[in-house]
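Working through the structure, step by step
Each chain is listed here by its residues.
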Amino acid sequence: MAKQTGGLDGAGILHNEPPKSPWGNGGKNDGNGGSGGGSGGGGGPRNPWNFPPNGKKSRPGAASLDEFIKRARGGGGPGLPGLPSGWRLWAAVVGGLVLIWVIFSSVHVIGPQERGVASLFGRYSTTLTPGFKFTLPAPFMTVDVVDVQNIHTETFPKNSGDNLMLTSDQNIVDLTYSVRWDISNAPDFVFQIADPQETVRATAESAMRAVVATSTLNEAIGDGRSRIEARVQIMMQQILDDYHSGIRIQGVAIQKAGPPSQVDDAFKAVTAAQQAAQANKNNANAYAQQVIAAAQGQAAEFDKLYEQYKLAPEVTRRRMYYETMEAVLQKSDKVIVEAPGVTPYLPIPGLKRPDPQPDQPASQGDAK
């Protein structure tokens, strides 16, 4: 304790008086003849924050506040025991902050689905693969981390409303579609384009309108939608590759294709009429096919008969006669009369069978 007190006395920072009233010596005169000034030993009250008179022995623990603040601000003289003083204190603080900044800007954690694009003074340097990676601290080297496995989806139109396009047959179609894309080249994605999302949207709008302009309305709202989607995807990829954008188009999907809302009712009426006309046309084609098939069958049968007729004309002629008479008389009432012993008069009209009437009861004469 004595060594520590001596050190403080030598430093001149903390000085104390022997135990007495902080306001003076109780009105006693110390022989200096003064009237108790702040720095004298007179009998008047003394400022407790000033240094004690010279030659008095100091006591640790009661430092002068003004001197302490002065030392902390970098004033002259040594600092507090065990702590750096003045510029050494601020140098230690600044050094700690610089060390933290270097650690946080030099160590990078790259996830499995991510890639880090490192640039040295703004120029591309290298691509960081997944894991813990170390680079020069910023601003010498900066790292942009991008997710190369995330699938982004852009929907058109962005807000609810019409997305009208003109077809090749001078019709207007309202299209709602989406585009899916991801990152194929991280350095190109970071350095070649400023706004990737807006670039993809502008490219999709341009490609879709160009393809629809070469397609008819029936193709856009019918079975030609898959071909339109494939052509738009190919065209978008070509444009983005020319930009060296590092973007890969995963697919284009048309969710809705129809007429504008203002003419929707009229378009439905036209569509219904077209469907009815197509149905009638299909029915007529089916009937024509049936008639043609029946005629072709009859012609084939006649050819076969002609083959037989050439081999045996008389037999074939008689056979045809019998088959014809059988077909004619099959549903007619017939009376067969043998020539010998035939009565000259036959009531042929009476031989006609009456129509059956099962609902009428039999008469009494018939019962008898």
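Okay, so let's go over this structure. Since we're looking at a predicted model, the values are computed, not measured.

Structural notes on unusual backbone geometry
The step from Ala138 to Pro139 runs through a cis peptide bond, and the omega angle for that step is 5°. Omega for the peptide link from Phe156 to Pro157 comes to -5°, which places this bond in the cis form. With respect to the helices, strands and loops of the structure, Pro157 is situated in the loop between β6 (152–156) and β7 (164–166). For Gln170, which is not a glycine, the phi torsion comes out positive at approximately 65°. With respect to the element layout, Gln170 can be found in the loop between β7 and β8 (172–183).

So, the pattern of salt bridges
For side chains bearing opposite charge, pairing can occur when the charged atoms are close. The final tally for this structure, using the stated rule, is 6 salt bridges. Between Glu314 and Arg317 there is a salt bridge whose closest N-O contact spans 2.7 Å. Taken together, the residues span about one helical turn, with Glu314 and Arg317 both in helix α9 (residues 313–329) at a distance of 3 residues. Note that Glu323 is salt-bridged to Arg319, the shortest N-O span being 3.1 Å. Separated by 4 residues within a single helix, Glu323 and Arg319 lie in helix α9, roughly one turn from each other. Relative accessible area serves as the criterion here: at 48%, Arg319 is assigned to the partly exposed category.

Quick notes on the packing of aromatic side chains
For the structure on display, the rule yields 5 aromatic pairs. Measuring from centroid to centroid gives 6.0 Å for Tyr124 and Phe191, while their planes differ by 80°, and the two rings are edge-to-face. In this pair, Tyr124 is assigned in strand β3 (residues 123–128) and Phe191 in helix α4 (residues 186–191), connecting sequence segments 67 residues apart. Owing to a relative accessible area of 38%, Tyr124 belongs among the partly exposed residues under this scheme. Overall, Phe191 belongs to the partly exposed group, its relative accessible area being 35%.

Side note on the side chain of Ser245
Among the structural elements, Ser245 can be located in the loop between α7 (225–242) and β9 (247–258). Look at Ser245 and you get buried, because its relative accessible area is 1%. Within the structure, Ser245 has its side chain in polar contact with the backbone nitrogen of Ile247 (distance 3.4 Å). With residues near it in sequence (within four places) discarded, Ser245 still touches Asp188, Phe189, Ile193 and Leu240.

A look at the packing of helix α5 (residues 196–212) against α7
Running from amino to carboxyl end, α5 crosses α7 at an angle of 135°, the nearest separation of the two axes being 9 Å. Regarding the angle of α5 to α7, the classification is oblique. The handedness of the crossing between α5 and α7 comes out as right-handed. Packed against α5, whose contacting residues are Thr199, Val200, Thr203, Ala204, Ala207, Met208, Ala210 and Val211, the element α7 presents Ile228, Arg231, Val232, Met235, Met236, Ile239 and Leu240 at the interface. In the contact of α5 with α7, the residues fall into 12 nonpolar, 2 polar and 1 charged.

A few points about α5
The end-to-end C-alpha distance of α5 is 24 Å, a good match for the 24 Å that 17 residues give at a rise of 1.5 Å each. Of all the residues in α5, the buried ones are Pro196, Thr199, Val200, Arg201, Thr203, Ala204, Ala207, Met208, Val211 and Val212. For α5, the secondary structure elements touched by its buried residues are β6, β7, β8, α4, α7 and β9.

Quick notes on the rules
- Residues numbered from 1 in each chain as written.
- Predicted model: local features only at pLDDT ≥ 70, side-chain atom pairs only at ≥ 80, totals over all residues.
- Heavy atoms only, no water.
- Helix = DSSP H or I, 4+ residues; strand = E, 2+ residues; numbered from the N terminus.
- Salt bridge = Lys/Arg side-chain N within 4 Å of Asp/Glu carboxyl O.
- Buried < 20%, exposed > 50% of the residue type's maximum accessible area, 1.4 Å probe, protein only.
- Phe/Tyr/Trp six-rings, centres within 6.5 Å; stacked < 30°, edge-to-face > 60°.
- Polar contact = N/O pair within 3.5 Å; in protein donor to acceptor, adjacent residues only side chain to side chain.
- Contact = heavy atoms within 4.5 Å.
- Axes fitted to C-alpha atoms, helices over the stretch in contact; angles between N-to-C directions.
- Parallel < 35°, antiparallel > 145°, perpendicular 65-115°, else oblique.
- Left-handed = near helix turned anticlockwise from the far one by under 90°.
- Nonpolar A, V, L, I, M, F, W, Y, C, P; charged D, E, K, R; others polar.
- Expected span 1.5 Å × (residues − 1).

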